[in-house]
Amino acid sequence: MASTANPFAISLSSNPTSLRKTNNSSDSFLRVQSPNSVSLRSSFVSPSSIELNLNRRVSSASSVSRVRSRICASSAPVMESAAKTDSNAPTIVDVDLGNRSYPIYIGSGLLDQPHLLQKHVHGKRVLVVTNSTVAPLYLDKVVEALTKGNPNVSVESVILPDGEKYKDMDTLEKVFDKAIESRLDRRCTFVALGGGVIGDLCGYAAASFLRGVNFIQIPTTVMSQVDSSVGGKTGINHRLGKNLIGAFYQPQCVLIDTDTLNTLPDRELGSGLAEVIKYGLIRDAEFFEWQEKNMEALMARDPSALTYAIKRSCENKAEVVSLDEKEGGLRATLNLGHTFGHAIETSFGYGQWLHGEAVAVGMVMAVDMSHRLGWIDDSIVKRVHNILQRAKLPTTPPEMMTVEMFKSVMAVDKKVADGLLRLILLKGPLGNCVFTGDYDRKALDETLRAFVKS
C-alpha cells in the first residue's frame, strides 16, 4: 500500500538543525539561550507537518532557562559517573510546569525523612492508596512519615488487589468509596504507594474526587520510578484498550526511595529496565551506551547503578514533559514500542505479561519496522536485541498473537488521528526518533507478519 500523506510528523534529534519556514506558516520555535542549552524548534514544512529537534546538551551548573511560562525542566548533565551519594541528601529533579511545578526526590532512606512528604501535604486529611503486596511492606512506614511530629494530620488507607487486571472502573470505585466514607474534603491529599497501576489509578481518583485534590506519588517499582510516576498521566484501562480513560493531572511531588527496590521481584526489575532502555534509544545515546556497559550491575541491583539509571531517566522525562505536558507531539516519542506493546497486553489479557515485557517486544518490532523502512542500520537492530536479552526481557510476542489482533487493538490506539495510525520509530543515528504517520504501510504489514504466525 502506498504511503499516505503525513498529517502529523515529529522527529526528535540529538543534533540541532536550522529553523525553516514554508507555506507562509507562522514562525514558531523555542530556543533557550545559554552556553549549554536545550532547544526546541519546529519547522513547518506544511500546515500539518511538524519537525522537532532537541539539543540534548544540558548543563548542571544552572537550571534550564525559563521560556514562555517556564516550560523547560531543570536537569543535570547528560552523562556523569554513577557515584554513590549521601543518603541524607536526596537528588532532586524538577519538573518545571509554572505554578504546577514539582520536585522528584531520589535517594536511599527517603521514607525515613518525614519532612520531605509533610511539606507537600496541605490539609489535615490524607488517604494512602496502595495494594495488598506493598501494604505489608511499606504502609506503616509511610503513615509514620506523614504523621511523625505532625499530630494534626490523620491518615486513612485503602488497600486494593494487586495486578494490572484491577486497573479498572470497579477498583477505582473502591477509592472513591473510602474517600467519601471518610468524609475527605478538598484540602485532603491522596498518596499513591505502589507501582504504576496504583500510581495511575490513584492519580485519576485524585483528579476526579471533588473535581480535583492534591496527590503525591511514592513509586515502589523501577517501572513507576523511571516512567509512570512522572508527568501526570493518570488513568485506568478499558477492556477494549489500555489507558483509554484518564486525565493529565500533576502530583505535588514524587518521592523515590530506592530502598523499596530491595523487595522488588526480579521479573519486575527487568520490566522496569525496558523503559530505561527506551530513553537511550529515542533521545540519549550516551545513556544507552552507559546501559550497555552497566546492564549486569543493574540486574544485580547495584545501588549506585540503579540510582543513576533512575535519575537520568527522570531527567529525560522531566525535560520532555516540561516541553509538552499534554502530549501534543513531542511527548508521544516517549511511547516507543508502546503501540505494539499495548496490543499484546490488551489481546493477551492485562497482567499476563508485565507492561515492560510487552513494551520490550514492542520496541523490537518498532526497530524492525524502522530498519525495513531504511531509517536505521543493522548495528542498532543488533544492539537493541542484545541489551533486551541481557535484561532478560522477551523479544518476540506471545504465540497466540495474530496480525488481526495487533491491527484491531492498534486501530483504537490514542495516537490514531483522523483514522491514521501514527507510530514512534527510530530514524538516523542512535538517540533519534520520529513520531509520524508518514511511512510505507507495507513495512508495518511486513513487520507484523515477521513476528506472528498469521
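As a reminder, the structure under discussion sits directly above these lines.
The structure presented is a predicted model; accordingly, all values stated were derived computationally and were not measured. (Residues numbered from 1 in each chain as written. Predicted model: local features only at pLDDT ≥ 70, side-chain atom pairs only at ≥ 80, totals over all residues. Heavy atoms only, no water.)

1. Thoughts on empty space enclosed by the protein
- Within this structure, the stated rule accounts for 3 cavities of 30 Å³ or more.
- Reported here for the largest cavity is a volume of approximately 70 Å³.
- Every residue along the wall of the largest cavity is listed here: Gly 241, Lys 242, Leu 244, Thr 339, His 342, Thr 346, Val 409, Met 410, Val 412, Asp 413 and Lys 414.
- For the lining of the largest cavity, the secondary structure elements donating two or more residues are strand 12 (241–248), helix 9 (338–348) and helix 12 (403–410).
- Its residues placed into classes, the lining of the largest cavity shows 4 nonpolar, 4 polar and 3 charged. (1 Å grid on protein atoms, 1.4 Å probe; cavity = no way out; pocket = protein on both sides within 12 Å on 5 of 7 lines; lining within 4 Å. Points joined across faces, edges and corners; volume = space filled by probe spheres on them. Helix = DSSP H or I, 4+ residues; strand = E, 2+ residues; numbered from the N terminus. Nonpolar A, V, L, I, M, F, W, Y, C, P; charged D, E, K, R; others polar.)

2. Focus: the pattern of salt bridges
- All told, the structure shown has 22 salt bridges when counted by the stated rule.
- Here Asp 266 makes a salt bridge to Arg 301, at a shortest N to O gap of 2.8 Å. In this pair, Asp 266 sits in helix 6 (residues 266–283) while Arg 301 sits in the loop between helix 7 (285–299) and helix 8 (303–323), placing the two residues 35 residues apart along the sequence.
- The exposure class assigned to Asp 266 is exposed, which follows from its relative accessible area of 57%.
- The partly exposed category is assigned to Arg 301, whose relative accessible area is 22%. (Salt bridge = Lys/Arg side-chain N within 4 Å of Asp/Glu carboxyl O. Buried < 20%, exposed > 50% of the residue type's maximum accessible area, 1.4 Å probe, protein only.)

3. Observations concerning the pairing of strand 7 (residues 125–131)
- Most of strand 7 is tucked away, with 6 of its 7 residues classed as buried.
- Inspection of the sheet shows strand 7 paired to strand 8 (residues 154–160) by 7 bridges, in the parallel sense. Bridging across to strand 8, Arg 125 finds its partner in Ser 154.
- Across 4 bridges, strand 7 lies against strand 9 (residues 189–194) in parallel orientation. Looking across to strand 9, one finds that Val 129 is bridged to Ala 192. (Pairing = 2+ DSSP bridges.)

4. Focus: a negative patch on the surface
- Together, Asp 170, Glu 173, Asp 177 and Glu 181 make up a region of like negative charge exposed at the surface.
- By the element assignment, Glu 181 lies in helix 3 (residues 169–181). (Patch = residues over 30% accessible without salt bridge, like charges linked within 9 Å, V, L, I, M, F, W, Y side chains within 5 Å. Areas by Shrake-Rupley, 256 points an atom, 1.4 Å probe, with all protein chains shown as cover. Lys, Arg positive; Asp, Glu negative; His and termini not counted. Charge placed at Lys NZ, Arg CZ, Asp CG, Glu CD.)

5. Observations regarding helix 3
- Here helix 3 is 13 residues long and its end C-alpha atoms lie 18 Å apart, about the 18 Å a rise of 1.5 Å per residue gives.
- The inward-facing, buried residues of helix 3 contact strand 7, strand 8, strand 9, helix 4 (196–208) and strand 11 (233–238). (Expected span 1.5 Å × (residues − 1). Contact = heavy atoms within 4.5 Å.)

6. Focus on the packing of aromatic side chains
- One pass over the structure, following the stated rule, counts 7 aromatic pairs.
- An angle of 25° between the planes, with centres 5.7 Å apart, marks the rings of Phe 190 and Phe 209 as stacked. Pair noted here: Phe 190 is in strand 9 and Phe 209 is in the loop between helix 4 and strand 10 (214–219), with a separation of 19 residues, a long-range link. Assigned by exposure class, Phe 190 and Phe 209 land together as buried.
- By way of ring pairs, the aromatic residues Phe 287, Trp 290 and Tyr 308 are connected into one cluster.
- Taking the ring centre of Trp 375 as reference, the NZ or CZ of Lys 427 above it sits at 4.5 Å.
- The ring of Tyr 439 carries Arg 441 above its face, with NZ or CZ at 4.0 Å from the centroid. (Phe/Tyr/Trp six-rings, centres within 6.5 Å; stacked < 30°, edge-to-face > 60°. Lys NZ or Arg CZ within 6 Å of the ring centre and 35° of its normal.)

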